[in-house]
Amino acid sequence: MQSTPPEQSLIEYPSQFPIKVMGGNVEGFVGAVLDIARQFDPLLDASLVETRPSKGNKYLGVTVTVTATSREQLDGLYRALSSHALVKVVL
């Protein structure tokens, strides 16, 4: 995969990059999101993870802040999260 030239990126790397992941408020959802995020950012700081249940408590939003090092890293992370069975939306 070809790297995006820095002058064409809107993000300056490395940088702290929050990703919001939404899924069902079920056991294992947060752990699954963290496991995937750590594949792309092994030094992920779990203290920066925020969770927020929906009004009806049926869904859970998880915001994970990763250290983004490249566009390819972020693309891979979005693909991995989006393809997980427990994940409904990745923003």
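This structure is a prediction, so every number in the text was calculated from the model and none was measured.

*Asks:* Help me out: how do you make sense of the sheet that holds strand 1 (residues 15-24) in this one?
*Replies:* Within a sheet, adjacent strands bond to each other through the backbone by hydrogen bonds, running parallel or antiparallel. Across the sheet, four strands lie side by side as 2-3-1-4; this open sheet has antiparallel pairing. Here the strands that pair on one side only, and so sit at the sheet edges, are strand 2 (50-53) and strand 4 (87-90). When the angles between neighbouring strand axes are averaged without regard to direction, this sheet yields 25°. Here helix 1 (residues 29-40) sits on the sheet in contact with strand 1, strand 2, strand 3 (59-68) and strand 4, set at roughly 15° to strand 3. Of the strands in this sheet, strand 1, strand 3 and strand 4 touch helix 2 (residues 71-82), which is tilted by about 10° from strand 1.

*Asks:* What should I look at first to understand the nonpolar core in this one?
*Replies:* In globular proteins that are soluble, nonpolar side chains generally tend to be buried together. Of all hydrophobic cores here, the largest spans 19 residues; its most connected members are Ile19, Val21, Val66 and Leu81. Taken together, the elements giving at least two residues each to this core come down to strand 1, helix 1, strand 3, helix 2 and strand 4. For Ile19, the residues in contact, after removing those within four places along its chain, are Val62, Thr63, Val64, Val66, Leu74, Leu77, Tyr78, Leu81, Val90 and Leu91.

*Asks:* Is there a simple way to think about the pairing of strand 3 in this case?
*Replies:* Each regular strand carries side chains that alternate between the two faces of the sheet. With eight of ten residues buried, strand 3 lies mostly within the body of the structure. Alignment of strand 1 against strand 3, held across ten bridges, turns out to be antiparallel. Along strand 3, the bridge assignment pairs Phe17 with Val66. Note that strand 2 and strand 3 share four bridges and pair antiparallel. By the bridge assignment, Glu50 is partnered in strand 3 with Thr63. Between strand 2 and strand 3, which pair antiparallel in sequence order, lie five residues; one of them, Asn57, sits at a positive phi of approximately 65°.

Parameters and conventions
Residues numbered from 1 in each chain as written. Predicted model: local features only at pLDDT ≥ 70, side-chain atom pairs only at ≥ 80, totals over all residues. Heavy atoms only, no water. Pairing = 2+ DSSP bridges. Helix = DSSP H or I, 4+ residues; strand = E, 2+ residues; numbered from the N terminus. Axes fitted to C-alpha atoms, helices over the stretch in contact; angles between N-to-C directions. Contact = heavy atoms within 4.5 Å. Core = buried A, V, L, I, M, F, W, Y, C linked by side-chain atoms within 4.5 Å. Buried < 20%, exposed > 50% of the residue type's maximum accessible area, 1.4 Å probe, protein only.

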